[in-house]
Amino acid sequence: MLNKIFIMGRLTRDPELRRTQTGTPVASFSLAVDRDFKDKSTGERTTDFIDVVAWRQTAEFVSRYFTKGRMAVVEGRLQIRDWTDKEGGKRRSAEVVADNVYFGDSKREGDGGGYASGFSQGGYSAPASSGYGSAGHEADQFAELTNDDGELPF
């Protein structure tokens, strides 16, 4: 059986970081995700608002580096949860449990870090010394070609 989901959208609010009774970090946030097709009557795209929950290190990463309006790519699984509301009624909701969260947009002016990648349960995947966020420039990482004949190698 397979339960894998990828969504990309903008955060509708800042992530909310909480801790369970045992101290495990959990972050909740919502993504606004546009549908791939337009409504026939209005000609506009419909937007879905999808609830996401992240646990442990992923929760801390999301709460530290993501804010309202930031584009995020979430890889995870769909979970259906049954619960009881304040009036005692049975309710059901769907949410994405995030395994990995990645930046979906480029580094914004004034943001720290500037990581091009995301965080997974296995560890942070950005290179240790990428040159981003330091005094160096990204172009310093590349060497100039001296004997370029203009021919493609294929």
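Notes on the structure follow.

Rules used throughout
- Residues numbered from 1 in each chain as written.
- Predicted model: local features only at pLDDT ≥ 70, side-chain atom pairs only at ≥ 80, totals over all residues.
- Heavy atoms only, no water.
- Buried < 20%, exposed > 50% of the residue type's maximum accessible area, 1.4 Å probe, protein only.
- Helix = DSSP H or I, 4+ residues; strand = E, 2+ residues; numbered from the N terminus.
- Arc of directions from axis to C-beta.
- Salt bridge = Lys/Arg side-chain N within 4 Å of Asp/Glu carboxyl O.
- 1 Å grid on protein atoms, 1.4 Å probe; cavity = no way out; pocket = protein on both sides within 12 Å on 5 of 7 lines; lining within 4 Å.
- Points joined across faces, edges and corners; volume = space filled by probe spheres on them.
- Nonpolar A, V, L, I, M, F, W, Y, C, P; charged D, E, K, R; others polar.
- Pairing = 2+ DSSP bridges.
- Polar contact = N/O pair within 3.5 Å; in protein donor to acceptor, adjacent residues only side chain to side chain.
- Contact = heavy atoms within 4.5 Å.

## Considerations on helix 1 (residues 56–65)
Taken together, the buried positions of helix 1 are Thr58, Ala59, Phe61 and Val62. Taken around the axis of helix 1, the buried residues stretch over an arc of 165 degrees, which confines them to a single face.

## Here we look at the pattern of salt bridges
This model, assessed by the stated rule, comprises eight salt bridges. Ionic pairing is found between Arg35 and Asp48, a salt bridge with its closest N-O pair at 2.9 Å. Of this pair, Arg35 sits in strand 3 (residues 25–38) while Asp48 is found in strand 4 (residues 45–55), placing the two residues 13 residues apart along the sequence. Residue Arg35 is classed as partly exposed on the basis of its relative accessible area, which comes to 33%. Note that Arg92 is salt-bridged to Asp82, the shortest N-O span being 2.9 Å. Of this pair, Arg92 sits in strand 6 (residues 90–103) while Asp82 sits in strand 5 (residues 71–84), placing them 10 residues apart in sequence. Exposure class is identical for Arg92 and Asp82. Each is exposed.

## Details of unusual backbone geometry
Phi is positive for Arg56, which is not a glycine, with a value near 55 degrees. Position of Arg56 relative to the elements: it lies in helix 1.

## Observations concerning the layout of surface pockets
Counted as a void, the largest pocket has a volume near 170 Å³. Contributing to the lining of the largest pocket are Arg13, Arg18, Ser28, Phe29, Asp51, Val52, Val53, Arg81, Ser93, Ala94 and Glu95. Residue assignment for the lining of the largest pocket shows that the elements contributing at least two residues are strand 3, strand 4 and strand 6. Its residues assigned to classes, the lining of the largest pocket comprises four nonpolar, two polar and five charged.

## Topic: the pairing of strand 2 (residues 16–19)
Pairing of strand 2 with strand 3, which is carried by four bridges, proceeds in the antiparallel orientation. The residue bridging Arg19 from the neighbouring strand is Pro25, located in strand 3. Linking strand 2 back to strand 3 in an antiparallel pair, the connection comprises five residues, with Gly23 at a positive phi of about 95 degrees.

## Things to note about the side chain of Ser28
Checked against the element boundaries, Ser28 lands in strand 3. In this structure the side chain of Ser28 is engaged in a polar contact, spanning 3.2 Å, whose partner is the side chain of Arg18. Ser28 has contacts with Arg13, Pro15, Glu16, Arg18, Val52 and Val53, leaving out every residue within four places of it along the chain.

## With respect to the pairing of strand 6
On any regular strand, side chains alternate: one points to one face of the sheet, the next to the other face. Of the pairings in the sheet, the one linking strand 4 to strand 6 comprises three bridges and is parallel in character. What sits directly across from Ala54, in strand 6, is Ala98. Pairing of strand 5 with strand 6 involves 13 bridges; the strand directions are antiparallel. Directly across from Thr84, in strand 6, lies its bridge partner Lys90. Where strand 5 folds back on strand 6, the antiparallel hairpin that results is connected by five residues, among which Gly88 adopts a positive phi of roughly 90 degrees.

Read these as spatial facts, not as claims about activity.
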